[in-house]
Amino acid sequence: MEKHYSIDIYGLVQGVGFRYSTFRYAKKYDIVGSVQNCPDGHVHVEAQGLAQPLEQFIHHLQEGPNSFAQVHQFKISEQPLANYTTFTVA
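All of these numbers come straight from a predicted model, not from anything done at the bench.

Rules used throughout
Residues numbered from 1 in each chain as written. Predicted model: local features only at pLDDT ≥ 70, side-chain atom pairs only at ≥ 80, totals over all residues. Heavy atoms only, no water. UniProt positions renumbered as here; feature names shortened; annotations may be inferred. Helix = DSSP H or I, 4+ residues; strand = E, 2+ residues; numbered from the N terminus. Pairing = 2+ DSSP bridges. Axes fitted to C-alpha atoms, helices over the stretch in contact; angles between N-to-C directions. Contact = heavy atoms within 4.5 Å. Phe/Tyr/Trp six-rings, centres within 6.5 Å; stacked < 30°, edge-to-face > 60°. Buried < 20%, exposed > 50% of the residue type's maximum accessible area, 1.4 Å probe, protein only.

**Q** Got a minute to help me understand the UniProt feature "domain: Acylphosphatase-like" (unreviewed entry) in the protein chain in this structure?
**A** In the numbering adopted here, UniProt assigns the feature "domain: Acylphosphatase-like" (unreviewed entry) to residues 4-90. Span residues 4-90 is 29% helix and 41% strand, its end C-alpha atoms 19 Å apart.

Here it is as structure tokens:
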């Protein structure tokens, strides 16, 4: 079963490779959607895919890409399925 989540990640998440790490995991788990830095310093992710791989993808987001990143707050909400065909980095 496919699911779609909107995710906001707060903490030290910009300038630490978060978006490109997210892109690599999206490719690994066959997730479509997008990741972008936001003006207030958080990272926003739209992620859609099969439930089990999507859960693994989300786990990686909660951990952060490396020891430089620090995830302080993680907000996630399920959304209606969208028409994504790829995963993009903005």
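After presenting the structure, the write-up continues.
**Q** Help me understand the sheet that holds strand E1 (residues 2-12), please; the structure alone is not making it clear to me.
**A** Backbone-to-backbone hydrogen bonds pair the strands of a sheet. The strands run either parallel or antiparallel. Spatially, five strands are ordered E4-E1-E3-E2-E5 in an open sheet, and the strand pairing comes out mixed. Each of the sheet's edge strands pairs with one partner strand only, and the pair in question is strand E4 (70-79) and strand E5 (87-89). Each adjacent strand pair in this sheet contributes to an overall mean axis angle of 20 degrees, direction not counted. Bridge count for E1 against E4 is nine bridges, and the pairing is antiparallel. If you follow Tyr5 over to E4, its bridge partner there is Glu78. With respect to the sheet, helix H1 (residues 18-29) is in contact with E1, strand E2 (32-37), strand E3 (43-50), E4 and E5, its orientation differing from that of E5 by roughly 170 degrees.

**Q** What is the right way to read the packing of aromatic side chains from this model?
**A** Each aromatic ring pair is specified by the distance between its two centres and by the angle formed by the two planes. Taken as a whole and assessed by the stated rule, the structure comprises three aromatic pairs. Taking 6.4 Å as the distance between ring centres and 15 degrees as the angle between the ring planes, the aromatic pair formed by Tyr25 and Tyr29 counts as stacked. One end of the pair is Tyr25 and the other is Tyr29, both in helix H1 and four residues apart, which spans about a single turn. You can call Tyr25 partly exposed: its relative accessible area is 26%. On the basis of relative accessibility, which here comes to 14%, the residue Tyr29 falls in the buried class. An aromatic cluster is present here, built from Phe23, Phe57 and Phe87 joined pairwise through their rings.

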